[in-house]
Amino acid sequence: MPVTLDGRTRIEEGVALVSLRLSNTEPIARGVRIANRLDGAVLPPRRRGRPEPGWSAEGFVGVVDAEDELALGYACELQSPDAGAEPPAELVEVSDPADAEPTPMDRAVGGLPGARPPRDAVVAGETGVVGTPTVRSATSELFTEPAGSEPDETRPNDDPGGGPGDTEDGSGDRPAAGIDPPAGDDPAGSLPPAVRRYLADAEARIGRAETFETGSLTEATELLEAGVDPAGLAALVAVDGRALARLADRADALATRAEACDVPVGSMERLA
Amino acid sequence: MILAVAGGKGGVGKSTLAYELGAALDGLVVDADLSMADLPGGRGRGPDLHDVLAGRADPAEAVRAGRVDVLPCGRSLTGARLADPRRLREAVAVPGYEFVVVDSPAGLRADAGAPLAVANACVIVASPTAWALADAIAARELARELDCGLAAVALNRVIEAPPTRAVGRALGAPATAVPADPRLGSSVETGTPAVDAAPGSAAARAVGELADAVRRCAAE
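Attention here is on the structure that accompanies the text. Keep in mind the model is a prediction, meaning the values are calculated, not measured.

So, how was this worked out
- Residues numbered from 1 in each chain as written.
- Chains lettered and ligands numbered in written order.
- Predicted model: local features only at pLDDT ≥ 70, side-chain atom pairs only at ≥ 80, totals over all residues.
- Heavy atoms only, no water.
- Helix = DSSP H or I, 4+ residues; strand = E, 2+ residues; numbered from the N terminus.
- Buried < 20%, exposed > 50% of the residue type's maximum accessible area, 1.4 Å probe, protein only.
- Areas by Shrake-Rupley, 256 points an atom, 1.4 Å probe, with all protein chains shown as cover.
- Contact = heavy atoms within 4.5 Å.
- Pairing = 2+ DSSP bridges.
- Axes fitted to C-alpha atoms, helices over the stretch in contact; angles between N-to-C directions.
- Parallel < 35°, antiparallel > 145°, perpendicular 65-115°, else oblique.
- Left-handed = near helix turned anticlockwise from the far one by under 90°.
- Nonpolar A, V, L, I, M, F, W, Y, C, P; charged D, E, K, R; others polar.
- Phe/Tyr/Trp six-rings, centres within 6.5 Å; stacked < 30°, edge-to-face > 60°.
- Buried area = accessible area lost by both parts, 1.4 Å probe.
- Salt bridge = Lys/Arg side-chain N within 4 Å of Asp/Glu carboxyl O.
- Polar contact = N/O pair within 3.5 Å; in protein donor to acceptor, adjacent residues only side chain to side chain.

Each helix and strand in chain B was counted, giving 11 helices and seven strands. Across the 220 residues of chain B, 56% fall into the buried class. Here chain B has roughly 8700 Å² of accessible surface; of this, 51% comes from carbon and sulfur atoms.

So this is what it looks like as structure tokens:
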């Protein structure tokens, strides 16, 4: 083989310290790809806090010059005590040097820590789960026009049983099941999801407020221990009351208009 | 030319300067801060950078025209999660602009690296505080590793006696002091860049100097 790999491992306190030597006996430079075979992610050498170029969580991509050697080293936090395999790393590909050079984008995306929000922050929890983060409550979806909208409605929920996660980007990529309240809340099943979610949120808040008012001491204490703030909840429920009354009026008016409306389908079709 | 505006540290005024440079260079500004949109998307609803990076829209569809044309970022966590930073290369290739200014996020993670990886050059923004300068140096290192040249350094929100020479030496390009000016601070919200609203001001002149440095870099 024109390019050979030798590896040695030393394990200290559950971390494998791997030394590798690549040897290229050919008169031309060769691109190499090394894969870690130990059970754990690669902890690459870093410079000023960032992984050296060519390193990723899986291994290393680089170039060994003609008739030259390349010494590499990395650490690997072992997932199990005796996960030290021999050899620790494998030379999986030898290629043209141009192919082996990771592009700047490879280095940026492969070598730098990921920045995407974690799945837990995005997938909606059931109503009532403590700590479910909400970026904006579903309320804001209904009240986006300036006239008559309460500025309070978009403030963060004081009570942590807030509601479903943020999905108002309209992209159609909705989080998986769990976001809509059970069908029993809406027997007709005919309300749009956003409206169902808002009503479920409001009902949950009103339910908690009723618990504070007429529930048992145990139930009230449970709410307090979960971090529900009675004053904040009272304010939110007051806002809910006003919003729901306005919603009822508006829905009534729209329902009346919808029933009274009689599209002259025949004439329109002839015109079209 | 694709120009990244980077800085490592949050809150130094990167987005405002990106907007101002967009105005001075007559370019398109792309808000690539995927988890925290900095630039307003304007009144119209439509596709945004999250949609482009998830393959749901073409970049040209997401551009919002204005005094400064902006390709805004999305504002949802779901969108941020589904966005693939690798698609940024196509996202910034919007035809019809000589300059595309990419407003990058703070930090040194993949979302900050992607704009530097696709850009031809960058402007590093720091404010004259120790921690901002340390982060600017780290951002400079990252740019170097990702083969992104440094066009200019902006020392932002300067109040008095800015250490421009020391900062320039540390980062490797001449530093331009940009004075703290409320007209700059409100330019993004009001849609009136300082280069329009107060062209004679020291702030506008500083932005002009930075734009000239970018043009010289593009010409090389």
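Moving on from the coordinates now.
In this section: the overall build of chain A. Within chain A, the secondary structure is distributed over eight helices and nine strands. Every one of the 272 residues in chain A was classed for burial, and the buried ones make up 33%. Sequence separation of 24 or more characterises 71% of the internal contacts of chain A that already satisfy a separation of 6 or more. Put simply, chain A shows about 15600 Å² of open surface, and 53% of that area lies on carbon and sulfur atoms.

Residues and elements named next belong to chain B. Because side chains alternate across strand β4 (residues 100-103), one face comprises the buried residues V100 and V102, and the other comprises V101 and D103, equally buried. Relative to β4, strand β1 (residues 2-6) runs parallel, the two being bridged by four bridges. Counterpart to V5 in the pairing with β4 is D103. Where strand β2 (residues 28-31) and β4 come together, four bridges link them in parallel fashion. Following the sheet pairing, L28 is matched in β4 by V100.

Below, the discussion takes up the packing of helix α5 (residues 193-214) of chain A against helix α6 (residues 217-225) of chain A. Residue and element names in this part refer to chain A. In contact at an axis separation of 8 Å, α5 and α6 are set at 130 degrees when each is read in the N-to-C sense. Comparing their axes, α6 and α5 come out oblique. For the crossing formed where α5 meets α6, the hand is left-handed. Two secondary-structure elements touch here, α5 through R208, T211 and F212 and α6 through E219, A220, L223 and L224. The residue makeup of the contact of α5 with α6, split by class, is four nonpolar, one polar and two charged.

Moving on to the packing of aromatic side chains. Residues and elements named next belong to chain A. By the definition in use, this model includes two aromatic pairs over all chains. Centre to centre, the rings of W55 and F60 are 5.0 Å apart; their planes meet at 50 degrees, and the pair counts as tilted. Overall, W55 belongs to the buried group, its relative accessible area being 7%. When its relative accessible area of 9% is taken as the criterion, F60 is described as buried. Between W55 and Y74 the ring centres are 5.6 Å apart and the planes differ by 50 degrees, which places this aromatic pair in the tilted class. Of the two residues, W55 sits in the loop between β6 (50-51) and β7 (59-64) while Y74 sits in strand β8 (residues 68-77), which places them 19 residues apart along the sequence. Pair check on accessibility: W55 and Y74 agree, each one buried.

This paragraph deals with the interface of chain B and chain A. Contacts between chain B and chain A engage 31 residues on the former and 26 residues on the latter. Around 2700 Å² of area is buried between chain B and chain A when both sides are counted, 56% of it from carbon and sulfur atoms. Applying the counting rule to chain B against chain A returns one salt bridge. With a closest N to O distance of 3.1 Å, B:D147 and A:R107 form a salt bridge. If you look at where chain B meets chain A, you find two residue pairs in polar contact (both at pLDDT 80 or more). Secondary structure elements with two or more residues in the side of chain B that touches chain A: α3 (77-82), α5 (110-118) and α6 (130-145) of chain B. The class makeup of the residues in the side of chain B that touches chain A is 14 nonpolar, five polar and 12 charged.

Right, let's get into the environment of A:G31. Residues and elements named next belong to chain A. In this structure, G31 sits in strand β3 (residues 30-36). What makes G31 buried here is its relative accessible area of 0%. With 34 residues separating them in the primary sequence, G31 and D65 have C-alpha atoms 8.6 Å apart.

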